[in-house]
Amino acid sequence: MLTFNSIDVETANADRASICQIGIVHVRDGEIRDQWQTLVNPEDWFDPWNVSIHGIEESDVGDSPTLPEVRDELRARLRGSILVSHTSFDRVAFERAMARYDLKQLQVTWLDSARIARRAWPDSYGRSGYGLKNVARDLGISFRHHDALEDARAAAEIVLRACAKMETDIEEWLRRAEAPIFPSASRSSSGSTPSARREGNVDGALLGETIVFTGALFLPRQKVADLAAEAGCGVANGVSKKVTMLVVGTQDSSKLKGYDKSSKHRKAEALIEKGVEIQILSENDFTKLIGIGVTKGLGDT
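So, how was this worked out
- Residues numbered from 1 in each chain as written.
- Predicted model: local features only at pLDDT ≥ 70, side-chain atom pairs only at ≥ 80, totals over all residues.
- Heavy atoms only, no water.
- Phe/Tyr/Trp six-rings, centres within 6.5 Å; stacked < 30°, edge-to-face > 60°.
- Helix = DSSP H or I, 4+ residues; strand = E, 2+ residues; numbered from the N terminus.
- Buried < 20%, exposed > 50% of the residue type's maximum accessible area, 1.4 Å probe, protein only.
- 1 Å grid on protein atoms, 1.4 Å probe; cavity = no way out; pocket = protein on both sides within 12 Å on 5 of 7 lines; lining within 4 Å.
- Points joined across faces, edges and corners; volume = space filled by probe spheres on them.
- Nonpolar A, V, L, I, M, F, W, Y, C, P; charged D, E, K, R; others polar.
- pLDDT = per-residue confidence, 0-100.
- Contact = heavy atoms within 4.5 Å.
- Pairing = 2+ DSSP bridges.
- Axes fitted to C-alpha atoms, helices over the stretch in contact; angles between N-to-C directions.

Draft legend 1. Representation of the packing of aromatic side chains. Applying the stated criterion across every chain, the model contains 2 aromatic pairs. An angle of 40° between the planes, with centres 6.5 Å apart, marks the rings of Phe94 and Trp110 as tilted. Taken together, the residues span a long stretch of sequence, with Phe94 in helix 3 (residues 89-100) and Trp110 in strand 5 (residues 109-112) at a distance of 16 residues. Here Phe94 falls in the buried class, since its relative accessible area comes to 1%. Trp110 gets classed as partly exposed once you look at its relative accessible area, which sits at 23%. Arranged with centres 5.7 Å apart and planes meeting at 75°, the rings of Phe213 and Phe286 form a pair that is edge-to-face. With a gap of 73 residues between them, Phe213 in strand 6 (residues 210-214) and Phe286 in helix 10 (residues 283-289) connect regions that are remote in the sequence. Exposure class is identical for Phe213 and Phe286. Each is buried.

Encoded structure:
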């Protein structure tokens, strides 16, 4: 069976709950049959940096529906379906946005197209990463990046290519995506060291991601690095082209040398502008992504 939906969102700022655009693609029997998109008023502020990436400004969404106002449309299009997104960030965005409005979560089965790509082409992107732009370019999929509908279509196309390559269907990918990429590999150690650097657990859900932390965190840095590694992330000390996620904690203005963001944050944004696929997210969004909660005051860096 090759029937599923694909989704992508854009956000107004680093808070994943600030959804400002949604794109949905419907795949039926291996073909894209329908699509839908909408701007969303996130009732939140727009970070100029986010605007520079997706081009959506606060003035563009003034007359757009809020998330509660599109809930019925989402339910009609998605309820009970397999829903593809590239990485877990769109899932987390919806979980946080729905919780913000006290809405019932989407009744779907989430499937990560990045995890599918890692298993369909395990040796292809070890150096360059499994970001949507990189995988799509390699597969010859043309799309306009950072437009929610275009990104949703690219994710759907990646899944269809993977199904064709592996001669399998979407139901089989639900199973394979949760299995280790290399079943015989042993679990990597994530013991504490003076550095935040860690190797990712080969059985972790986020295997293939490389993460860097900046700013003061609610959890101690060593603890959050351990949690990231257990979830499958490689943990690095500095930002480079190999990094796929930057988690931003509270910034101490006395250490910023006149800037409003840390040097790691600024370097990540510079790399993104050059086409490197790096997700910037808050500590709350990251801990939600790996399935834990954070209580303010538990620790710092």
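Draft legend 2. Representation of empty space enclosed by the protein within the structure. With the rule as written, the count across this model stands at 1 cavity of 30 Å³ or more. Reported here for the largest cavity is a volume of approximately 40 Å³. Every residue lining the largest cavity is listed: Ala17, Ile19, Val40, Asn41, Pro42, Leu67, Ala97, Arg100 and Tyr101. Classifying every residue of the lining of the largest cavity gives 7 nonpolar, 1 polar and 1 charged.

Draft legend 3. Inspection of the confidence of the model for the protein chain at higher detail. Scored by pLDDT, the protein chain comes out at a mean of 87, with 90% of its residues at no less than 70. Overall, residues 184-194 carries pLDDT values under 50, and its contacts beyond four positions in sequence, including any with other chains, amount to 22 contacts. In this model residues 294-301 is a low-confidence stretch, pLDDT under 50, and it forms 24 contacts with partners more than four residues away in sequence or in other chains.

Draft legend 4. Here's a closer look at helix 8 (residues 221-230). Among the residues of helix 8, those classed as buried are Arg221, Val224, Ala225, Asp226, Ala228 and Ala229. Looking at the buried positions of helix 8, the neighbouring elements they touch are strand 6, strand 7 (234-235), helix 9 (263-273) and helix 10. Where helix 8 ends, the next residue or the one after it, Gly232, has phi of about 110°, a positive value.

Draft legend 5. Summary view of the layout of surface pockets. Approximately 250 Å³ is the volume attributed to the second largest pocket. Around the second largest pocket sit 15 residues that line it, and Ser88, Arg91, Asp112, Arg115 and Glu178 are the ones nearest its centre. Ranked by the residues each element gives to the lining of the second largest pocket, the list is headed by strand 5, at 3 residues.

Draft legend 6. Just the sheet that holds strand 4 (residues 82-85), in detail. The strand order 3-2-1-4-5 describes an open sheet built from 5 strands, whose pairing is mixed. Only two strands of the sheet have a single neighbouring strand rather than two, namely strand 3 (31-39) and strand 5. Across this sheet, the average inter-strand angle for adjacent strands is 25°, counted without regard to direction. Bridge analysis of strand 1 (residues 4-11) against strand 2 (residues 19-28) gives 8 bridges, and the strand direction is antiparallel. Within the sheet, the bridge partner assigned to Ile7 lies in strand 2 and is Ile24. Against the sheet, helix 2 (residues 67-78) contacts strand 1, strand 2, strand 3 and strand 4, and its axis sits at roughly 10° relative to strand 2. Together, strand 1, strand 2, strand 3 and strand 4 form the strand contacts of helix 6 (residues 148-166), whose direction differs from that of strand 1 by roughly 140°.

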